[in-house]
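# Commentary on secondary and tertiary structure
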Amino acid sequence: MYLDFYKLHLKPFQISTDPKFLWLGEKHQEALAVLKYGILDNKGFLLLTGDVGTGKTTLLNALVDSLGDDVLVAMVADPGLAKMDFFNFVADSFGMNIRFKSKGEFLIYLKNFLINLNQQNKKALLIIDECQHLNQKLLEEVRLLSNIEKASTKLINIFFVGQSEFNNIILRPHNRAIRQRITINYNISSLSEAETGQYILFRLGIAGSEDTIFTPGAIHQVHQFSNGYPRLINIICDQALLTGFVKEKKHVDEKIVAECANELKIAHGKSIEESDATPEAQTEKKDDTPPGKKTLITWPLSLQMKTPIGIALIVVLIIWVGLITTFIFIRQPSDATNNSIGTQSLNEKTLSAKVAPVTPEKALDREYSDRDAHDRLMPPRAANEETAGKATDSQASISSNVPPVVDKPVGQPKVSGGTVEIERADASLTSKNPEDGENRSSLSFIRETYGKYPEIIFGFNSNNLDDSAYKLLGVISQYCLQNPETLIILRGYTDRSGVRAYNLKLSEFRAEMVKSYLVGKGVNAEAITTIAIGPDDEGPSGTKVPYDGKRRKVLIEIISPTG
């Protein structure tokens, strides 16, 4: 409608992903290079995330188009499938032309298929778009596909593409196995105001315009209303061109943009999820209605007190609610009695239990062998509240027979002299070691044992912590808990091989992983700073980290207020 008026050959702001209008800013070019490197270098699992409308699908299509014929691509656009449907969809995407009836048949054929591809010097890439919709069982099945490999190389690369909430999904404890296998994780952010202007002018130029059409003020307003999300930029600009055509304005100014945003119900500065201009907003819109004013059930208009059927349904609903309420009140006394009996029995068992004493050496070994602590990302405050809760419960259950314990935290029960004494299992961390006579969690002990700047060493392309790393982090976490004002700086390093952007991401990931472990042990997250050094030689306090020796590491700087 407005093409002739603005002398355009094509509509410049279509929402469809037309390759002619592909615009790659600096952050998009970096993402494309890093992800392509991960695929060609057989990195295994890759992850691309971003908010709704940031251009993930456009970038994904550009990535697939840039790959050569030696990469066979299978893309799953909707992962909300049953297990066998998912397997058959993958098989069809890889061109197997076979329908499988069992998981075993699929895995046997897939393994032979991948080995044959490898012998032809070809790679297999499985792309799962909208991965935030994967259910837990299917996510685990996808992880197990990566176990099909040769001793020297991966046989399949798996590429997750989805919205930012997928990062929260893989942080769950039961997803730690797949989280540790993701070697490249790239998040696309929204466009800056300068990038928004470049994006608009680029698309106008491709459409045939020799004029800017949008004034600088209009571009500023487009960025303010869209928050830099390309999809909203397209929607606002397309509406603005139509409005300018109706008003016979050769240039779109900020007033036209504001008017269009108002018509599209886009509030100033609202995120794309809260905007009514996109389909996602209609499905993901949050309910801000106060709890007391929410309607339990919305009836169809044809049934709202206008027909005998509607009245009958309401009567049945009232009777049903009454029966449930009566049933709940009848069960309450019985449940209270059962709970009272169960509590009394538990207290009696606690008092009569005989627990073997725990030596400091065993408590220390148990502390450091607890690998699951690495994946419990409990905030420090929650951890302290949990410990305090346990202490209160334990003291309440034995208060009748236990003499008061002064300045001693609650922990492992110990029987001594016919009375029950509560002693913390990890007391060995603050006790004197008979061999060295020094406090094992003191800063001097840490520096004498592990050096002024302790190091966590990683293997090649590995994100796993070994026993020595867990032991070191346990000592440091104990020191931080005893000295809450302590600050920790974690610097991640890599060697100089490969792409610099990838090395920086890998070093950042490793530093964040060490931080997650310390936070899980109760250290205040705000006291920990992570720095991705990557292949550079910058060290703490102006020092230089040499390139020879073990470079794949996280270096720990402990800043204590006491020195």
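Residues numbered from 1 in each chain as written. Predicted model: local features only at pLDDT ≥ 70, side-chain atom pairs only at ≥ 80, totals over all residues. Heavy atoms only, no water.

## Quick word on the overall build of the protein chain
Filter applied, for reference: Only DSSP runs of H or I covering at least 4 residues are called helices, and only runs of E covering at least 2 are called strands; the numbering of each starts at the N terminus. Relative accessibility under 20% of the residue-type maximum defines a buried residue, over 50% an exposed one, and the middle range a partly exposed one, all with a 1.4 Å probe and only protein chains included. In this description, contact between two residues means that some pair of their heavy atoms is separated by no more than 4.5 Å. Note that accessible areas follow from Shrake-Rupley with a 1.4 Å probe, and for residues the cover is restricted to the protein chains shown.
Across its full length, the protein chain carries 18 helices and 11 strands. Counting the 563 residues in the protein chain, one finds 39% classified as buried. Here the analysis covers contacts within the protein chain between residues at least 6 apart in sequence; of these, 71% occur between residues at least 24 apart. Total accessible area on the protein chain is roughly 30,400 Å²; 54% of this is exposed by carbon and sulfur atoms.

## Side note on the nonpolar core
This is how it is decided: What is meant by a nonpolar core is a set of buried Ala, Val, Leu, Ile, Met, Phe, Trp, Tyr and Cys residues, joined one to another through side-chain atoms within 4.5 Å.
With 35 residues, the main nonpolar core has L114, I128 and F160 as its most contacted residues. Only strand 1 (45-50), strand 2 (71-76), helix 3 (83-93), helix 4 (103-119), strand 3 (123-128), helix 5 (136-145), strand 4 (157-162) and helix 6 (166-170) provide two or more residues apiece to this core. In terms of residue count, the dominant contributor to this core is helix 4 (5 residues). In contact with F160, other than residues within four places in its own chain, are F45, L46, L47, L48, I128, C131, L134, L139, V142, F166 and I178. Among the nonpolar cores identified, the runner-up in size contains 33 residues, and Y2, F214, I236 and I256 belong to it.

## Re the sheet that holds strand 9 (residues 487-493)
Test applied: The pairing criterion is simple: DSSP has to find at least two bridges between the two strands. Orientation is described by axes fitted as lines to C-alpha atoms, over the contacting stretch for helices, and by angles from 0 to 180 degrees between their N-to-C directions.
If you walk across this open sheet you meet the 4 strands as 8-11-9-10, and the pairing is mixed. Either end of the sheet is taken by a strand with one partner, and the two such strands are strand 8 (455-457) and strand 10 (528-534). Between one strand axis and the next, the sheet turns through 20° on average, direction left out of account.

## Brief notes about helix 18 (residues 500-520)
As a reminder of what qualifies: To estimate how far a helix should reach, multiply one less than its number of residues by 1.5 Å.
The first and last C-alpha atoms of helix 18 sit 30 Å apart over 21 residues, in line with the 30 Å expected at 1.5 Å per residue. The first or second residue beyond helix 18 is G522, which carries a positive phi of 110°.

## Observations regarding the pattern of salt bridges
What counts, and what does not: What makes a salt bridge here is a side-chain nitrogen of Lys or Arg within 4 Å of a carboxyl oxygen of Asp or Glu, nothing more.
Within this structure, the stated rule accounts for 11 salt bridges. Close ionic contact of R143 with E140 constitutes a salt bridge, the shortest N to O distance being 2.5 Å. Of this pair, R143 and E140 both sit in helix 5, 3 residues apart, which is roughly one turn of that helix. Residue class for E140 comes out partly exposed when judged on its relative accessible area of 29%. A salt bridge links K505 to E508; its shortest N-O distance comes to 3.8 Å. Of the two residues, K505 and E508 both sit in helix 18, 3 residues apart, roughly one turn of that helix. For K505, a relative accessible area of 30% corresponds to the partly exposed category.

## A word on the environment of P12
Counting through the fold element by element, P12 comes out in the segment before helix 1 (26-40). Judged by relative accessible area, P12 falls into the buried class, the value being 0%. Here the alpha-carbon distance between P12 and D238, two residues 226 residues apart in the chain, equals 7.8 Å. Excluding anything up to four places from it in sequence, P12 contacts Y2, F21, R203, L204, A207 and L241.

## Examining the sheet that holds strand 1
Pairing is parallel across the open sheet formed by 5 strands, whose spatial order is 2-3-4-1-5. In this open sheet, the two edge strands, each paired with only one partner strand, are strand 2 and strand 5 (182-188). The average undirected angle you get between the axes of adjacent strands in this sheet is 15°. The sheet contact formed by strand 1 and strand 4 spans 5 bridges and is parallel. Paired with L46 across the two strands is F159, which belongs to strand 4. Against the sheet, helix 5 contacts strand 1, strand 3 and strand 4, and its axis sits at roughly 150° relative to strand 4.

## Some points on unusual backbone geometry
The backbone phi angle of E130 is positive, close to 50°, even though this residue is not glycine. Mapped onto the fold, E130 is located in the loop between strand 3 and helix 5. The phi dihedral of E248 is positive, around 55°, even though this residue is not glycine. Within the element layout of this structure, E248 appears in the loop between helix 10 (230-246) and helix 11 (254-263).

## Quick word on the packing of helix 9 (residues 216-226) against helix 11
Put simply, the rule is: Note on terminology: angles under 35 degrees are roughly parallel, angles over 145 are roughly antiparallel, angles of 65 to 115 are roughly perpendicular, and the others are oblique. In this scheme, a crossing is called left-handed if the near helix is turned counterclockwise away from the far one by less than a right angle; it is called right-handed if the turn is clockwise. Any residue that is not Ala, Val, Leu, Ile, Met, Phe, Trp, Tyr, Cys, Pro, Asp, Glu, Lys or Arg is counted as polar, Gly included; the first ten are nonpolar and the last four charged.
Where helix 9 meets helix 11, the closest approach of the two axes is 7 Å, and the angle between their N-to-C directions is 25°. The orientation of helix 9 with respect to helix 11, classified from their angle, is roughly parallel. Classified by chirality, the crossing of helix 11 by helix 9 is right-handed. On the side of helix 9, the interface is formed by G217, A218, Q221, V222 and F225, while helix 11 contributes E254, V257, A258 and A261. Here the contact of helix 9 with helix 11 is built from residues that sort into 6 nonpolar, 2 polar and 1 charged.

## Side note on the side chain of S226
Counting through the fold element by element, S226 comes out in helix 9. Overall, S226 belongs to the buried group, its relative accessible area being 0%.

## Some thoughts on the confidence of the model for the protein chain
Our working rule: The predictor attaches a confidence to each residue, called pLDDT, with possible values from 0 through 100.
For the protein chain, per-residue confidence averages 76 on the pLDDT scale, and 72% of positions sit at 70 or higher. In this model, residues 276-306 is a region of pLDDT below 50 whose contacts with residues beyond four sequence positions or in other chains number 32 contacts. A low-confidence stretch, residues 334-438 (pLDDT under 50), is modelled with 114 contacts involving residues beyond four sequence positions or located in other chains.

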